[in-house]
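Reading the structure
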Amino acid sequence: MNVLKIIRTNCVFVNKTKLCYFHSSQTKKKFSTKNNNDDDRITNSQFDINFNNILSNSDSYESSIDYDKIIKTFGCSKINNALISKFKDVLTNSSDISTSTNSSQFHLLNKGIYFCHRDFDKIIDIYNHNNNNISNHNKVKTISTKKEHNKQIYLYTGRGPSNKSLHLGHTIPFLFNKYLQDVFDCPLVIQITDDEKFLSNKDLNLDETIKMGYENIKDIIAFGFNRDKTFIFSDIDYIKQLYKLNLKIQKLVNLNTIKSLFGFNHQDNIGKISFPSLQCTPCFYECFPEVLNQNTDWNCLIPCAVDQDPYFRLTRDIAYKLKLNKPACIYSKFLPSLEGTNKKMSSSGKEVKILLTDTLKTIKTKVNKYAYSGGQETAEKQRELGANLDIDISYIYLKYFLDDDMKLSEIENNYSKGIMLSGEVKKLLIETLDKFITLYQEKRNKITDDEVRYFLQIRKIG
Ligand code: TRP
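Another point: the overall build of the chain. Each helix and strand in the chain was counted, giving 24 helices and 9 strands. Taken across its 462 residues, the chain has 39% of its residues classed as buried.

Laid out in structure tokens, this is it:
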């Protein structure tokens, strides 16, 4: 506990110094001499702001994760109304989204679920620049064929395979990536980190891990990505293409940096220590020679959950040394566990999760029995005082999965004022999730091995 408190205080200090932990040569020197050969001191140092520490600081049942603190500590930018309007302008320009058969996920941005970013505004600028050029026929001729004038966007996301079926929390980045792929009409690369899963779980054998990855690829394809603009790759398969660039990255990253970002210690295997460099690699289009046209100046955008930020902070920090484009990122909050807002829904934890394989009956039981309620103890009290929406899991889940703004505002109003009771909100959540999961299962059941082969094939997607 004390250790956590120390780290917490130090986080503030790091924050004040604007995350200078591997920029400043002075602090770097202090770091290496002070922590020489001393594991404990390295993990307790002012440089230790890895994500697990921030998460474990919120240990009271009802307290939420402090996302503002994460923004400050990591030095990200909050997504504000100005940025949301800028993005909305893109929607009016994007022809693809209006013809898309999939529902819009704009609410994930509008409701603050995607809450912070790095350079997302620059990605929008690139889109707008290209789009204005295309809509103006006279300008088309003036577009330079030089690489530096031919900026384009690609998306990058990934998944560490697990043998369990996807839970609701896993769906958020895939739904949002699919949405942004439609909006920007751009390529998407998806990394399956079978290598990392094998290295970090001592009970997994390599062949099993590869098989799990394969099943997970089917789960991912079912989100409906554009098959001509999406490339999925397993690290183990695609390593030949990644390796050259990966080596250049490895040479630029030292052990102290990895320890302070990911909290490894001297007992961790050496594969785990070098792995982060492999998650950095796809941020640079140069590792996709046969997939992305190398005469284009591709700019990477990574939509994912905020716990992935250490990888991309690292990537952005070394990009200039490699003379490559810094990736942009857009980060989501975690879908909380059914049992309370202080936990994310993890695949390994014991908490009750809603799985994408659940039947209506199971969803009903789980929601009714476990969904933490912000409503009052009795109906009378609820009518009188209303619910606390900040901690009400059913309402929070509806924010994620109900894309009907009007209906959500109505629930917000009625439930907080006591016009609605907890049971009614739970019923609405059950209906919403049942619809979502049934649709997903229909698509998942149709994914064939041929379709997997198509997505895995090394081919041009942009
Ligand atoms: N580390 C992620 C996980 O364990 C997987 C991943 C690889 C990823 N590359 C990524 C996630 C890029 C988001 C963006 O699930």
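Further notes follow.
Lining the immediate surroundings of the ligand are Tyr156, Thr157, Gly158, Arg159, Gly160, Gln191, Thr193, Gln279, Ile302, Cys304 and Gln308. Put simply, the parts of the chain that give the shell around the ligand at least two residues each are β3 (151–159) and β6 (297–305). Broken down by element, the shell around the ligand gets its largest block of residues, 4 residues, from β3.

Here we come to the environment of Asn299. Position of Asn299 relative to the elements: it lies in strand β6. Since 21 C-beta atoms lie within 10 Å of it, Asn299 is described here as buried. Sequence spacing of Asn299 and Ile126 is 173 residues, and the spatial spacing of their C-alpha atoms is 8.7 Å. Setting aside anything within four residues of it in sequence, one finds Asn299 in contact with Ile123, Ile126, Lys151, Ile153, Asn325 and Ala328.

Right, let's get into the sheet that holds strand β4 (residues 188–192). Read from one edge to the other, the open sheet built from 7 strands follows the order β1-β2-β7-β6-β3-β4-β5, with strand pairing classed as mixed. Each edge of the open sheet carries a strand with a single partner, namely β1 (77–78) and β5 (230–234). Alignment of β4 against β5, held across 5 bridges, turns out to be parallel. Paired with Ile190 across the two strands is Ile232, which belongs to β5.

As a rule of thumb, soluble globular proteins bury nonpolar side chains together. Core analysis: the biggest nonpolar cluster contains 101 residues, and Tyr114, Tyr154, Ile232, Cys300, Leu301, Ile302 and Tyr331 have the highest contact counts within it. A total of 9 residues in this core trace back to one element, the largest contributor, which is helix α11 (residues 168–184). Two domains share this core, each providing at least three of its residues, namely domain 1 (20–338) and domain 2 (342–445). If sequence neighbours within four positions are ignored, Ile302 has contacts with Tyr156, Thr157, Cys283, Phe312, Pro327 and Cys329.

Detailed reading of predicted coordinates is not advised where the pLDDT is low. Scored by pLDDT, the chain comes out at a mean of 84, with 79% of its residues at no less than 70. For residues 1–49, every residue scores under 50 in pLDDT, and the model assigns this stretch 49 contacts once sequence neighbours within four places are set aside. Counted against residues more than four places away or in other chains, residues 56–63, with its pLDDT under 50, gives 16 contacts.

We now examine α11. Its 17 residues give α11 an end-to-end C-alpha distance of 25 Å, which sits within 8% of 24 Å, the value for a rise of 1.5 Å per residue. With 16 of 17 residues buried, α11 lies mostly within the body of the structure.

So, on to the pairing of β4. In terms of burial, β4 is a largely internal element, 5 of the 5 residues being buried. Taking every second residue as pointing to the same face, both faces of β4 are buried, with Leu188, Ile190 and Ile192 on one and Val189 and Gln191 on the other. Direction of pairing for β3 relative to β4: parallel, over a ladder of 5 bridges. Note on β4: the bridge partner recorded for Tyr156 is Val189.

This part is about the pairing of β5. Within β5, 5 of the 5 residues are buried, which leaves the element mostly enclosed by the surrounding structure. In β5, alternate side chains face the same way, and those of Thr230, Ile232 and Ser234 on one face and Phe231 and Phe233 on the other are all buried.

Turning our attention to the packing of helix α21 (residues 393–401) against helix α22 (residues 405–416). One can describe the packing of α21 onto α22 by two numbers: an axis separation of 11 Å at closest approach and a directional angle of 165°. Judged on the interaxial angle alone, α22 and α21 are roughly antiparallel. Helix-helix and strand crossings are classified by hand; for α21 and α22 the assignment is left-handed. Facing α21, whose interface residues are Tyr395, Leu398 and Lys399, α22 presents Leu408, Ile411 and Tyr415. Looking at the contact of α21 with α22 residue by residue, the class counts come to 5 nonpolar, no polar and 1 charged.

Closest axis-to-axis distance for the α21/helix α23 (residues 422–445) pair is 9 Å, and the angle between their directions is 35°. You can see that α21 and α23 cross each other, and the crossing is left-handed. Counting all contacts with α21, which are made through Ser394, Tyr395, Tyr397, Leu398 and Phe401, the residues of α23 involved are Val425, Lys426, Leu428, Leu429, Thr432, Leu433 and Phe436. For the contact of α21 with α23, the class distribution of residues is 9 nonpolar, 2 polar and 1 charged.

Each value, and the rule that gives it
Residues numbered from 1 in each chain as written. Predicted model: local features only at pLDDT ≥ 70, side-chain atom pairs only at ≥ 80, totals over all residues. Helix = DSSP H or I, 4+ residues; strand = E, 2+ residues; numbered from the N terminus. Buried ≥ 20, exposed ≤ 12 C-beta atoms within 10 Å, placed from the backbone. Near = placed C-beta within 6 Å. Contact = placed C-beta atoms within 7 Å. Pairing = 2+ DSSP bridges. Core = buried A, V, L, I, M, F, W, Y, C linked by C-beta atoms within 7 Å. Domains from an automatic or database assignment. pLDDT = per-residue confidence, 0-100. Expected span 1.5 Å × (residues − 1). Axes fitted to C-alpha atoms, helices over the stretch in contact; angles between N-to-C directions. Parallel < 35°, antiparallel > 145°, perpendicular 65-115°, else oblique. Left-handed = near helix turned anticlockwise from the far one by under 90°. Nonpolar A, V, L, I, M, F, W, Y, C, P; charged D, E, K, R; others polar.

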